Amino acid sequence: MKTAIVTDTNSGITAQMAREMGIYLIPMPFFIDGSTYYEGETCTPDFFFRHLKAKAEVSTSQPSPEVITSLWTSLLETHDAVLHFPMTAGLSGSCETAKALAQEFDGRVLVVDDHRISVTLAQSIRNALTLLAQGKTAREVRGILEAEKDASSIYIAVNTLEYLKKSGRVTAAGAAMAAVLHIKPVLQIQGGKLDAYKKVRGMLQAKKALLDALRHDLATRFAGMKMAVFSGYSGADPDLGKAWQREVQAAFPDQLVELISLPLSICCHIGDGALGVACAKVW
């Protein structure tokens, strides 16, 4: 069977990367001061963070059903099946929307919900390509990936609580107190949900907490598994990301640490200057 893979830019996959991988990419829409923009098309990181710092009203949205179903319909003219990879249902309604839309395609569109987002979602797609190349069907691939939904970890140190306050995840009083005390919260994404992991003083301690958390997961939960390790950052300054990647690489010398700029759909909630680490199983 010939299977097409579809995802959106929340995966951190760019249009160029999608072409090289042979997959199909839907740009995530955003509202900035009431106008709609699309990640990677009309909304670049420079543009996005410039407006974010200027206190523009920024919020995320979902790709429209028409965009999704029109792409699926087109792909099914030349493919037997479509594997669709949205961000985890625990953080967005886009997964449930895709599942509802797929019911109209007679089983030829399979939506994968393996609790992934950003770099771990991108790795899941790479795993799907490997499994398809081994001769697995689209249905078999979805089953394998969803059975391994817990084989990934993400930790993020947030530089400011301003945007989490806007989304209602942190109270205004809590955000103000954290700013006064220089508290940097470390967040985790496990099982597709965003939760608090630890609170520390200053970004130096936050970076140590990130590395310690990932080191612990690799030595315990994922012992014996082949895992990819990632470093990530938010903002329009690539030097921030490169400096952090060097630190993560030094902490995990036996791994080839990939650097990613966090997708704008995440940056809406964590703001500028956040740092992250992640790992995910590799097939």
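Just above, that's the structure.
Residues numbered from 1 in each chain as written. Predicted model: local features only at pLDDT ≥ 70, side-chain atom pairs only at ≥ 80, totals over all residues. Heavy atoms only, no water.

Attention now goes to the side chain of aspartate 114. Among the structural elements, aspartate 114 can be located in the loop between β7 (109-111) and α5 (119-133). A polar side-chain atom of aspartate 114 sits 2.4 Å from a polar atom in the side chain of serine 124. The contact partners of aspartate 114, leaving out residues within four places of it in the chain, are Ser124, Leu145, Glu146 and Lys149. (Helix = DSSP H or I, 4+ residues; strand = E, 2+ residues; numbered from the N terminus. Polar contact = N/O pair within 3.5 Å; in protein donor to acceptor, adjacent residues only side chain to side chain. Contact = heavy atoms within 4.5 Å.)

What follows deals with the side chain of serine 153. For serine 153, the location among the structural elements is in strand β8 (residues 152-157). Here serine 153 falls in the buried class, since its relative accessible area comes to 0%. In terms of polar contacts, serine 153 uses its side chain to reach the side chain of aspartate 217, at 2.7 Å. Not counting the four nearest positions on each side in its chain, serine 153 is found in contact with Thr120, Ile189, Gln190, Asp217, Arg221, Phe222, Val277, Ala278 and Cys279. (Buried < 20%, exposed > 50% of the residue type's maximum accessible area, 1.4 Å probe, protein only.)

Bringing the sheet that holds strand β10 (residues 193-201) into the picture now. Read from one edge of the open sheet, six strands run β10-β9-β8-β13-β11-β12, paired in mixed fashion. Because the sheet does not close on itself, it has two edges, and the strands there are β10 and β12 (258-261). Each neighbouring strand pair of the sheet contributes to a mean axis angle of 20°, computed without reference to strand direction. Note: β8 against strand β9 (residues 183-190), four bridges, orientation antiparallel. Bridge pairing in β9 links isoleucine 154 to isoleucine 189. Along the sheet, α5 makes contact with β8, β11 (227-233), β12 and β13 (275-281), crossing β13 at roughly 25°. (Pairing = 2+ DSSP bridges. Axes fitted to C-alpha atoms, helices over the stretch in contact; angles between N-to-C directions.)

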